[in-house]
Amino acid sequence: MGKIISIANQKGGVGKTTTAMNLAASLAVLEYKTLVVDADPQANTTSGLGHNPREVTKSIYECMVGKEGIRDCIMPTDVNFLDLLPSHINLVGAEIEMVSLSNREEKMKQVLSEIKDDYDFILIDCAPSLGLITINALTASDSVIIPVQCEYFALEGLGKLLNTITIIQKRLNAALAIEGILLTMYDVRLRLSNQVVEEVHTHFKDMVFETIIPRNVKLSESPSFGLPVIVHDAESKGALAYLNLAKEIGDRIN
Ligand code: ADP
Ligand code: MG
């Protein structure tokens, strides 16, 4: 049965999308059958994996409001073993449309349950919000990865996120675990980056992944080619870091 992992942090620009698409591609390269779910209306994972969101007509939005079956919405990617459930700007409206539904926090869980057995890993790229779609993602998940940028105010907002996770564990998904805190955009030359690494380790100890994602230009340019970094430049530091992270996570299910 597939392990469902949300990539969440309500702060924007911390590396959620970069992690979702590149961790997913690295798991696929390790021959784990992987689905990446784009749960952000900005659809950056969708475009980053080579699909134009404006041309997508069957997205997670249609699945969640019951207009399409999930199998009709899943798209292939250029990477073997990697599929995509794309997003669309329409997903913005889903939160409002779903307000009156019963079990509105459990729509994504219902949708994903149909295909959960087809994959080893299902990664969900969340929007920078703690709104209904993100709550759906966390309710559907076995665990959550929290990317933290090695920058000023790195820990800002983490309390709120951890609090939301506790509420979800109490009310909606008792089995939700924290897969790990992932340090991103690390720059070895910056004292600040090293301070953040120390601070996060002091606070969160063994909740922090061993792998640290460096700041690497190949990671920021690969989406403009519609490719994960492991295809764009397999030898780059960014590609090697996400491959290490995939091994760290893969080892936990073996
Ligand atoms: P989020 O999804 O949390 O908003 P993104 O993954 O989109 O964050 O990252 C924000 C920006 O930082 C993007 O332009 C992305 O290309 C860039 N970025 C993310 N991680 C790295 C990294 N490790 N090295 C260099 N640039 C990065
Ligand atoms: Mg994003």
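Since the structure is predicted, the reported quantities are computational estimates derived from the model, not experimental observations.

### What about the overall build of the protein chain?
The number of helices and strands found in the protein chain is twelve helices and seven strands. Taking 18 Å as the expected radius of gyration for a compact globule of 254 residues, we find that the protein chain reaches 17 Å, a close match to that expectation. Dimensions of the protein chain, computed from the C-alpha atoms along their principal axes, are close to 50 × 40 × 35 Å. Counting only contacts in the protein chain whose residues sit at least 6 apart along the sequence, the fraction spanning at least 24 positions is 78%.

### A closer look at the pairing of strand β1 (residues 3-7)
In terms of burial, β1 is largely enclosed, as four of its five residues are buried. Both β1 and strand β5 (residues 121-126) contribute to a ladder of five bridges, which runs parallel. By the bridge assignment, Ile 7 is partnered in β5 with Asp 125. Relative to strand β6 (residues 143-149), β1 runs parallel, the two being bridged by three bridges. Across the sheet, the residue bridging to Ile 5 is Ser 143, located in β6.

### Looking at the UniProt feature "domain: AAA" (unreviewed entry) in the protein chain
The UniProt record annotates "domain: AAA" (unreviewed entry) at residues 3-178. In residues 3-178, helix accounts for 38% and strand for 18%; the two terminal C-alpha atoms are 13 Å from one another.

### As for the environment of Asn 52
Looking at the element boundaries, Asn 52 is found in the loop between α2 (44-48) and α3 (60-64). Taking the C-alpha atoms as reference points, Asn 52 and Pro 86, separated by 34 residues in sequence, lie 9.5 Å from one another.

### Side note on the site of ligand 1
In the vicinity of ligand 1, 17 residues are found, and the nearest of them are Gly 15, Lys 16, Thr 17, Thr 18 and Ser 220. For the shell around ligand 1, the per-class residue count stands at five nonpolar, ten polar and two charged.

### Considering the pairing of strand β4 (residues 82-85)
Residues of β4 alternate between two faces, with Leu 82 and Leu 84 on one and Asp 83 and Leu 85 on the opposite face, all of them buried. Pairing analysis gives four bridges linking strand β2 (residues 34-39) to β4, with the strands arranged parallel. Bridging across to β4, Leu 35 finds its partner in Asp 83. The sheet contact formed by strand β3 (residues 75-76) and β4 spans two bridges and is antiparallel. Pairing of Pro 76 across the sheet is with Asp 83, part of β4. Here β3 folds back onto β4, and the loop between the two strands holds five residues, one of which, Phe 81, carries a positive phi near 70°.

### Here's the deal with helix α1 (residues 16-29)
End to end, α1 covers 20 Å across 14 residues, agreeing with the expected 20 Å (1.5 Å per residue, within 8%). Within α1, 14 of the 14 residues are buried, leaving the element largely enclosed by the surrounding structure.

### Quick look at the sheet that holds β6
The seven strands lie next to each other as β3-β4-β2-β5-β1-β6-β7, forming an open sheet whose pairing is mixed. Each edge of the sheet is formed by a strand with only one pairing partner; in this case those strands are β3 and β7 (177-184).

### Description of unusual backbone geometry
A positive phi angle, close to 70°, is found at Glu 31, a residue other than glycine. Even without a glycine there, the phi angle at Phe 81 is positive, about 70°. In this fold, Phe 81 is placed in the loop between β3 and β4.

### Digging into the packing of α1 against helix α12 (residues 237-253)
Two numbers describe how α1 lies on α12: the axes approach to 8 Å, and their chain directions differ by 65°. Classed by the angle they form, the pair α1 and α12 counts as roughly perpendicular. The two elements α1 and α12 meet at a crossing, and its hand is right-handed. Only Tyr 242, Leu 243, Leu 245, Ala 246 and Gly 250 of α12 make contact with α1, whose side of the interface consists of Asn 22, Leu 23, Ser 26, Leu 27 and Val 29. Grouping the constituent residues of the contact of α1 with α12 by class yields seven nonpolar, three polar and no charged.

### Some words on helix α7 (residues 132-140)
Summarising burial for α7: seven of the nine residues are buried, a large majority. Buried within α7 we find Ile 133, Thr 134, Ile 135, Asn 136, Ala 137, Leu 138 and Ala 140.

### Focus: the nonpolar core
Nonpolar side chains tend to gather and get buried jointly when the protein is soluble and globular. Counting residues in each nonpolar core, the largest one holds 72 residues, and the members touching the most others are Ala 24 and Leu 123. When residues in this core are grouped by element, the largest group, eight residues, is from α1. Setting aside anything within four residues of it in sequence, one finds Ala 24 in contact with Thr 34, Val 36, Leu 82 and Leu 123.

About the thresholds
Residues numbered from 1 in each chain as written. Chains lettered and ligands numbered in written order. Predicted model: local features only at pLDDT ≥ 70, side-chain atom pairs only at ≥ 80, totals over all residues. Helix = DSSP H or I, 4+ residues; strand = E, 2+ residues; numbered from the N terminus. Rg over C-alpha atoms; globule rule 2.2 N^0.38 Å. Contact = placed C-beta atoms within 7 Å. Buried ≥ 20, exposed ≤ 12 C-beta atoms within 10 Å, placed from the backbone. Pairing = 2+ DSSP bridges. UniProt positions renumbered as here; feature names shortened; annotations may be inferred. Near = placed C-beta within 6 Å. Nonpolar A, V, L, I, M, F, W, Y, C, P; charged D, E, K, R; others polar. Expected span 1.5 Å × (residues − 1). Axes fitted to C-alpha atoms, helices over the stretch in contact; angles between N-to-C directions. Parallel < 35°, antiparallel > 145°, perpendicular 65-115°, else oblique. Left-handed = near helix turned anticlockwise from the far one by under 90°. Core = buried A, V, L, I, M, F, W, Y, C linked by C-beta atoms within 7 Å.

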